[in-house]
Amino acid sequence: RIMGIAPENVHFLGLKKQPDLPAYLKYADFALIPFKTGDIGDYVSPLKIFEYISAGKNVLTTALPDIKGYPNMYSGNDLESWIHAVETATEPDLAAAEAFTAANTWDNRVQGILDAVYPAEARRCDETFYGKISIVVLNYNNKNIIDKCVASLLRAKDRYDYEIVVV
């Protein structure tokens, strides 16, 4: 439905400033990530899911092949499955979310990309990129996420000798 004729339980709060958004996430029961199903959606792994999981939230999303098995995920491709997910959801498993976040560091993601590009030359690859990488982290007023992100990046600093820029 369109604004003005939405159901009574839907409230349009209007545009919010970026610094206010973490407070909304803090009090959310579910984080929503809807995607249109089809060929494009079959090859999507939205980064927002990692933020929501690390925040300890249940995530309700379109059924995407790449995110099967992620903790605290509920998915479906129609209204009935989304309603069922909300009605049957349990409290988020914070230990599983923490373990998932620890296993999905930027270093692990970078290494996966490098292994795919240089599978037989991982050592040469490190030397190729050493000192030539800048990582820019964009975030505002969300200390918990920034702390985790920078700590994860610093664990791989010696391997690639990159600079970290936090904006």
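What you see is a predicted model; the values in this text were computed from it and never measured.

(A) A nonpolar patch on the surface, seen in detail. Together, Val136, Leu138, Val165 and Val167 line one region of the surface with nonpolar side chains, adding up to about 370 Å² of accessible area. Within the secondary structure layout, valine 165 lies in strand β5 (residues 163–166).

(B) Expanded view of the sheet that holds strand β1 (residues 30–33). The strand order across the open sheet formed by three strands is β1-β2-β3, and the pairing between neighbours is parallel. Because the sheet does not close on itself, it has two edges, and the strands there are β1 and β3 (73–75). Strand after strand, the sheet turns through a mean of 25° between neighbouring axes, direction not considered. Across four bridges, the pairing between β1 and strand β2 (residues 58–61) is parallel. Note on β2: the bridge partner recorded for phenylalanine 30 is asparagine 58. This element, helix α3 (residues 79–88), spans β1, β2 and β3 of the sheet and lies at about 170° to β2.

(C) A look at the pattern of salt bridges. The tally for this structure, following the rule as stated, stands at one salt bridge. A salt bridge links lysine 48 to glutamate 51; the nearest nitrogen and oxygen atoms lie 2.8 Å apart. With a gap of three residues between them, lysine 48 and glutamate 51 both fall in helix α2 (residues 47–54), about one helical turn apart.

(D) View of the packing of α2 against helix α4 (residues 94–103). Running from N to C, α2 and α4 point in directions that differ by 135°, and their axes come no closer than 9 Å. It follows from the interaxial angle that α2 and α4 lie oblique. The two elements α2 and α4 cross, and the hand of that crossing is left-handed. Taken together, the residues of α4 that come into contact with α2 (itself represented by Phe50, Ile53 and Ser54) are Ala97, Phe100 and Thr101. Counted by class, the contact of α2 with α4 contains four nonpolar, two polar and no charged residues.

Cut-offs and rules
- Residues numbered from 1 in each chain as written.
- Predicted model: local features only at pLDDT ≥ 70, side-chain atom pairs only at ≥ 80, totals over all residues.
- Heavy atoms only, no water.
- Patch = residues over 30% accessible without salt bridge, like charges linked within 9 Å, V, L, I, M, F, W, Y side chains within 5 Å.
- Areas by Shrake-Rupley, 256 points an atom, 1.4 Å probe, with all protein chains shown as cover.
- Salt bridge = Lys/Arg side-chain N within 4 Å of Asp/Glu carboxyl O.
- Helix = DSSP H or I, 4+ residues; strand = E, 2+ residues; numbered from the N terminus.
- Pairing = 2+ DSSP bridges.
- Axes fitted to C-alpha atoms, helices over the stretch in contact; angles between N-to-C directions.
- Contact = heavy atoms within 4.5 Å.
- Parallel < 35°, antiparallel > 145°, perpendicular 65-115°, else oblique.
- Left-handed = near helix turned anticlockwise from the far one by under 90°.
- Nonpolar A, V, L, I, M, F, W, Y, C, P; charged D, E, K, R; others polar.

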